[in-house]
Structure formats: C-alpha cells, structure tokens
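Chain residues, written in single-letter form:
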Amino acid sequence: MPPGIMTLAADKAALSPANTGFMLICTALVMLMTPALAFFYGGMVRVKSVLNMLMMSFISLGIVTVLWVLYGFGLAFGQDNGGFLGWSGDFAGLGGIGLTELWGTTTIPVYVFAVFQLMFAVITPALISGALADRVKFTAWALFIALWATVVYFPVAHWVWAEGGWLFDLGVIDFAGGTAVHINAGAAALGVILVVGKRIGFQKDPMRPHSLPLVMLGAGLLWFGWFGFNAGSWLNNDDGVGAVAFVNTQVATAAAMLGWLAYEKLRHGSFTTLGAASGAVAGLVAITPACGAVSPLGAIAVGVVAGVLCAMAVGLKYRFGYDDSLDVVGVHLVGGIAGSLLVGLFATGGVQSDAKGFFYGGGLEQLGKQAVGVVCVLLYSLVVSFVLAKIIDLAMGFRVSEDEEVAGVDQAAHAETAYDFGGTGGGAVARPGAGAGAAGGAGPARGDGPAPAKRQGTAPASGKEPASGKASASGEGKKVDA
Amino acid sequence: MKLITAVIKPYRLDEVKEALQSFGVHGLTVTEASGYGRQRGHTEVYRGAEYTVDLVPKVRIEVLVDDADAAELMDIVVKAARTGKIGDGKVWSVSVDEAVRVRTGERGPDAL
C-alpha cells in the first residue's frame with residue numbers, strides 16, 4: 001500500500017475522478033466480504049447456531065464502523081508516534097477533513113481512503129468469529145470486538161501500513177493485509193480459544209456443516225469482494241500495479257483451490273465442496289500480502305503452497321485438541337504466514353517495490369524482514385487477544401451456559417431460529433402484543449415463524465433444533481476419525 | 001386385512017407406486033424415513049474430518065390390503081423396489097383388526 005503523508009493538502013486539481021470512483025467501487029466490494037464471510041462461516045455450523053454465526057460477523061459492521069469514525073482512523077493512520085500508534089485530532093470523528101483534501105501522495109480524497117480502510121478494520125475481527133462458533137455470549141463477543149479493534153487492529157494497521165509505522169519503515173511488504181488482517185485475526189483466534197475452550201461434544205458429536213451451498217455462496221462472494229480488497233489496495237489506477245494485483249488474486253486463488261483439492265483427493269479420496277471453498281479462501285489469504293510483489297507465475301506457486309499447507313493445517317486442531325471450530329488458525333494464520341513469507345522468495349522487484357525475493361536475486365534480506373513482520377504481529381495479537389479474552393471471561397463470562405449451548409445459541413442470544421422445516425411454524429403460536437416492544441413488536445405478522453420461546457413463554461418443543469428428517473441435519477452421525 | 005409396510009430406497013418409490021396402482025391398490029401412505037440395516041451408513045469427509053452417517057434416507061410405504069392379496073402384493077413391492085445393491089430395504093405385513101373409512105364410516109374390507 002502506498003504511503004500516506006499526514007499533512008493534508010487541499011488540491012482539487014489533483015483529485016482524480018477515475019481513481020476516486022474506482023476506489024469507491026473497491027470499497028463497496030470489500031464491504032461485501034463481511035456478509036460473504038458470514039455466509040461462508042454460517043454454512044459450516046450446525047442448524048442451531050447459524051444465525052449467531054451470521055451475527056458474529058455482521059455485528060462487526062456496526063461496532064467497528066462507529067469506532068473507526070470516533071478514533072480508529074486516527075489511531076491507525078494519524079500522525080505517527082514512535083512507530084507504534086498514530087493520532088491526528090482532525091481524524092477524530094472524521095471531523096477536520098475537507099471534501100477535496102487528498103490522502104498523502106495519492107489522488108483520492110481522505111474520506112475515500114478512510115472508508116476503504118474502514119472495511120478492512122470491519123472484516124478483520126469478523127474473521128476471528130469462526131473459531132468461536134456455537135459457544136460464546138454475543139455480548140461478550142461484541143465487547144471483545146470493540147476492545148480488540150482498539151488495542152490490536154488499529155495499532156497493527158499503523159505498524160504495517162502507515163508512514164512511520166515501524167514495520168512499514170522496516171520494509172515489510174504487506175500489500176493488502178497478510179500480517180495486519182490474516183495473521184492478526186488468526187493469532188487472535190488462537191488466543192481467544194485458549195481462554196474459551198472447546199465446544200461441548202468436540203471430537204465426539206457430529207458437527208457437520210449444515211449447508212454447503214451457503215459455504216460456496218459465501219466463498220464465491222468473498223472471492224469477488226477480494227478483488228476490491230487487493231486491487232484497491234494500491235489506491236490508484238494509474239500505473240498497472242492494481243491490475244497485477246487483480247490478476248494475481250485470481251491466479252493464486254484458482255491454484256490454491258486445485259492444491260487443496262489435490263491434497264484432499266490423495267489423502268481422503270474425494271474432491272469435496274468444502275475443500276474447494278476452503279482452498280479458494282486459503283489462496284485469497286496467501287496472495288493478499290504478495291499480490292503486488294509477485295508475477296502471475298509466482299502467484300501460482302503461492303496459491304498451490306497455501307492450498308496444500310492449509311489443507312494439512314486444518315487437521316492440527318484434532319492433533320492438538322484445541323477447538324478452532326471453523327479453522328481460522330488453519331486457514332487465516334497459516335495462509336497468512338505462507339503468503340507473507342513467500343513474498344521473501346517470489347518478489348520480482350518490478351511491481352510494487354524494488355525489493356527482490358530469494359528466487360529473483362534478492363538474497364534472504366526480504367525474507368528476513370517478512371519473518372520479523374510475521375512473528376511480531378503473531379505474538380502481539382496472540383498475547384493481547386488472550387489477555388482481553390481472559391479479562392472478559394473473568395468480568396462477565398465469555399461462554400454461554402451449558403444448556404444454552406446444547407439448545408443452540410440462536411435461541412438464547414437472538415430469540416430466533418434460522419429455518420422452519422416443518423411448514424407448521426414449529427408449533428409456534430403468535431400472540432399479538434406479547435412482548436411488544438421488548439421483542440421488537442411481536443404481533444400477528446410473526447406467526448409464520450417459530451416464536452421466540454424465551455420471551456413469549458410458549459416454548460415450542462420442536463423449536464430447539466428443527467429436524468429436517470434427512471440425514472444432513474440430524475444428529476445421527478458419529479465422528480470416528482480425525 | 002393386512003398392513004403392508006415397506007422401507008425402501010427413496011428413488012424406487014415411483015416404481016413401487018406404479019406397480020401397486022397397476023395391481024389395483026387405491027391408496028397408500030408414504031413417509032420420509034431414515035435408518036440403517038446391516039450395511040450401516042456411509043462416510044462423509046469435511047476438511048479431512050470423517051463422519052460416519054449411520055442413518056440414511058429411506059421412504060416408508062404403508063398400504064392396507066385384503067388378506068388374499070397380501071402375499072402377492074408383497075412380491076410386487078419387492079420386485080419393484082429391488083436394485084440388487086445393499087440397502088434395498090425391507091417389506092413386512094401385519095394383521096389389522098379393523099379399518100374405518102372416515103368419510104362414510106364403512107368398516108372392514110369395504111373401507112379399503
């Protein structure tokens with residue numbers, strides 16, 4: 001990402017309508033990634049907690065957006081203080097920024113840069129939620145997002161992307177978020193699950209994905225949105241670097257999907273849908289830091305390595321016995337590390353910067369810098385996330401109660417269930433006026449779905465986990481092997 | 001009267017239904033079911049984690065018939081449902097004391 005300088009210069013003549021329009025579209029694409037992620041994750045959980053999974057990602061759009069406006073943008077991209085944190089009074093509340101003031105040396109308004117970066121800040125905490133499926137209190141999670149964004153994401157974004165940030169000045173290449181987004185989120189996921197613990201029944205009960213079509217839809221939309229994530233990260237459209245990033249994003253993702261599927265076929269005998277979706281996401285993760293530094297052939301290498309490596313890594317949780325429910329560590333941490341380090345091998349020196357990787361005559365210097373970035377972000381995020389989760393756990397309890405977890409977080413936290421399989425309303429009775437206000441105006445119109453049992457007191461026996469009558473959703477399976 | 005119950009592979013339902021109709025059976029009841037026999041279920045793989053799915057989808061057909069037709073109808077169902085592969089299902093019959101047509105109140109064989 002090109003450096004931004006903190007002195008704002010109003011220069012209407014230099015404002016590029018083309019770049020500004022391009023960046024606004026990229027920003028909207030990145031916004032789409034968070035709901036896409038929600039579906040990617042949502043399809044992988046069981047019927048009883050799909051809404052909670054969607055909400056754990058979606059709520060980040062609410063919380064982080066507000067924090068970003070209040071102080072996040074200032075902490076991440078304000079005037080540097082010792083390489084660790086930024087701050088500019090003008091950025092607080094996005095109040096002191098003129099309409100045509102440009103971001104640094106770019107040709108786009110500060111507002112455009114601020115909102116583009118906002119979308120990165122939104123999706124990063126949402127990524128963590130996949131590790132915590134089915135078992136955490138929504139309020140605790142919301143509090144965690146607010147604290148984590150403040151103490152971890154905003155500073156790390158400053159280190160990596162802001163002029164004066166210490167990793168930026170060191171020369172670490174992170175085009176669009178290998179360290180700041182993926183290693184950061186993956187390490188945080190590990191830190192939190194060390195506090196929160198395993199789901200009830202982990203490695204005993206069947207926890208099969210309830211909807212692979214949703215997973216594929218989510219992965220497809222993530223892939224689509226990722227073009228904005230990567231190609232937009234060059235902040236302009238003037239010199240072709242964004243186009244290379246776009247090409248590499250496509251190429252590496254395709255290669256990673258093939259890599260994951262090939263590994264899976266050899267190891268487990270089938271080309272699975274979940275493998276294709278996961279491989280694509282692993283490739284997207286790995287090419288994120290590298291897409292401005294490598295050639296399309298390099299992108300194939302990055303993709304294949306990431307696809308195979310992540311496919312191998314997702315089994316680690318069974319070996320080590322930690323419950324990273326949806327493999328945030330296996331996909332985002334491992335994929336992020338792979339992509340960030342491979343920059344040190346495959347950087348061509350002719351695209352984003354002059355820095356060359358080992359295979360292009362650059363020796364081991366860039367690899368060393370990349371390793372410093374990887375290790376520092378990983379450790380910082382892991383330790384601070386663990387501490388934050390511990391504080392929340394001590395203060396209010398991070399997990400839902402055992403009976404709420406077994407019955408499903410959807411009912412306990414959201415007073416909703418996702419599907420009505422029976423066509424009979426799940427035995428729900430609409431009670432006009434009951435809980436009006438508290439339950440958001442429950443009235444006759446709500447009678448077409450399961451009634452929220454907690455609030456309306458008409459507990460539908462069948463509403464706990466609607467049985468589909470088919471093999472896919474009921475608990476008949478038994479996990480036999482990891 | 002006999003109640004013939006057949007638990008079969010779902011995709012054989014149409015053949016069984018047509019065979020029963022061509023014999024002259026007027027009505028039947030079909031229910032989605034799941035279960036397993038000696039073959040147990042199958043294995044599914046999600047990100048390398050293997051799950052044994054014990055209960056596989058089946059359909060359950062129930063039809064009330066005259067005693068005289070029961071044996072032949074069972075053969076017809078078996079013939080129509082058979083694929084020769086494992087998991088084809090089971091057919092059995094039990095005696096029924098009484099049946100009543102709800103609309104008219106007719107009893108016994110008249111209710112069929």
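Because the structure is predicted, anything quoted here is derived from the model rather than measured.

## A short note on the confidence of the model for chain A
All names here are of chain A. With 85% of its residues at a pLDDT of 70 or more, chain A has an overall mean of 89. Note on residues 2-7: pLDDT under 50 across the span, and 17 contacts to partners over four residues away in sequence or across chains. In the model, residues 436-482 has pLDDT below 50 throughout and makes 100 contacts with residues more than four positions away in sequence or in other chains.

## Notes on helix 10 (residues 296-313) of chain A
One full turn of an α-helix is made of 3.6 residues, so residues set three or four places apart face in the same direction. Residues and elements named next belong to chain A. Its 18 residues give helix 10 an end-to-end C-alpha distance of 25 Å, which sits within 8% of 26 Å, the value for a rise of 1.5 Å per residue. Considered for burial, the residues of helix 10 that qualify are Gly298, Ala299, Val302, Gly303, Ala306, Gly307, Cys310, Ala311 and Ala313. Lining the buried residues of helix 10 we find helix 8 (241-268), helix 9 (273-290), helix 11 (316-320) and helix 12 (328-346).

## Let's talk about the packing of aromatic side chains
All names here are of chain A. Counting across every chain of the model gives 30 aromatic pairs over all chains. With 4.2 Å between their ring centres and 10 degrees between their planes, Trp103 and Phe113 make a pair best called stacked. Here the residue Trp103 occupies a position in the loop between strand 4 (101-102) and helix 3 (110-128), and Phe113 occupies one in helix 3, the gap between them amounting to 10 residues. Across the pair, Phe113 and Trp103 agree in class, each one buried. Centre to centre, the rings of Phe120 and Phe229 are 4.3 Å apart; their planes meet at 10 degrees, and the pair counts as stacked. You can see Phe120 sitting in helix 3 and its partner Phe229 sitting in helix 7 (residues 212-231), a full 109 residues away along the chain. Take Phe120: its relative accessible area is 0%, and that puts it in the buried class. Taken together, Trp68, Tyr71, Phe73, Phe77, Phe91, Trp103, Phe113, Tyr153 and Phe154 form an aromatic cluster joined through their ring pairs.

## Focus on the environment of Met44(A)
Structurally, Met44(A) is set in helix 1 (residues 17-44). Judged by relative accessible area, Met44(A) falls into the buried class, the value being 6%. Separated by 230 residues in the primary sequence, Met44(A) and Leu274(A) place their C-alpha atoms 8.7 Å from one another. Here Met44(A) is in contact with Arg208(A), Pro209(A), His210(A), Val215(A), Leu274(A), Leu326(A) and Arg47(B), once residues within four sequence places are set aside.

## Structural notes on the sheet that holds strand 2 (residues 29-35) of chain B
Residue and element names in this part refer to chain B. The four strands lie next to each other as 2-5-1-6, forming an open sheet whose pairing is antiparallel. Each having just a single partner strand, strand 2 and strand 6 (89-95) make up the two edges of the open sheet. Strand-to-strand twist of the sheet, defined as the mean angle between neighbouring strand axes without regard to direction, takes the value 20 degrees. Here helix 2 (residues 67-81) sits on the sheet and contacts strand 1 (2-8), strand 5 (56-65) and strand 6; the angle it forms with strand 1, its principal contact strand, is near 10 degrees.

How each quantity is defined
All residue numbers refer to positions counted from 1 along the written sequence of the respective chain. Here chains are named by letter from A upward and ligands by number from 1 upward, in the order in which they appear as written. Per-residue local features of the predicted model are confined to residues with pLDDT of at least 70, and side-chain atom pairs are confined, for both listing and counting, to 80 or more; whole-chain, interface and lining totals are unaffected and use all residues. Side-chain figures throughout are based on the complete set of non-hydrogen atoms in the structure, without hydrogens or water. By definition, pLDDT measures how confident the predictor is in each residue, and it falls between 0 and 100. Contact between two residues is taken to exist if any of their heavy atoms lie within 4.5 Å; hydrogens are not considered. Secondary structure elements are taken from DSSP: a helix is a run of H or I of four residues or more, a strand is a run of E of two residues or more, and numbering for both begins at the N terminus. In this scheme, a helix's expected span is set at 1.5 Å multiplied by one less than its residue total. When accessible area is computed with a 1.4 Å probe and restricted to protein chains, residues below 20% of their type maximum are described as buried, those above 50% as exposed, and intermediate ones as partly exposed. Ring pairs shown here join Phe, Tyr and Trp side chains whose ring centres sit within 6.5 Å, with only the six-membered ring taken for Trp; geometry is labelled stacked below 30 degrees between planes, edge-to-face above 60, and tilted in between. Note on pairing: two strands pair once DSSP finds at least 2 bridges between them. All axes here are fitted lines through C-alpha atoms, helices being fitted over the stretch that makes contact, and every angle between N-to-C directions spans 0 to 180 degrees.

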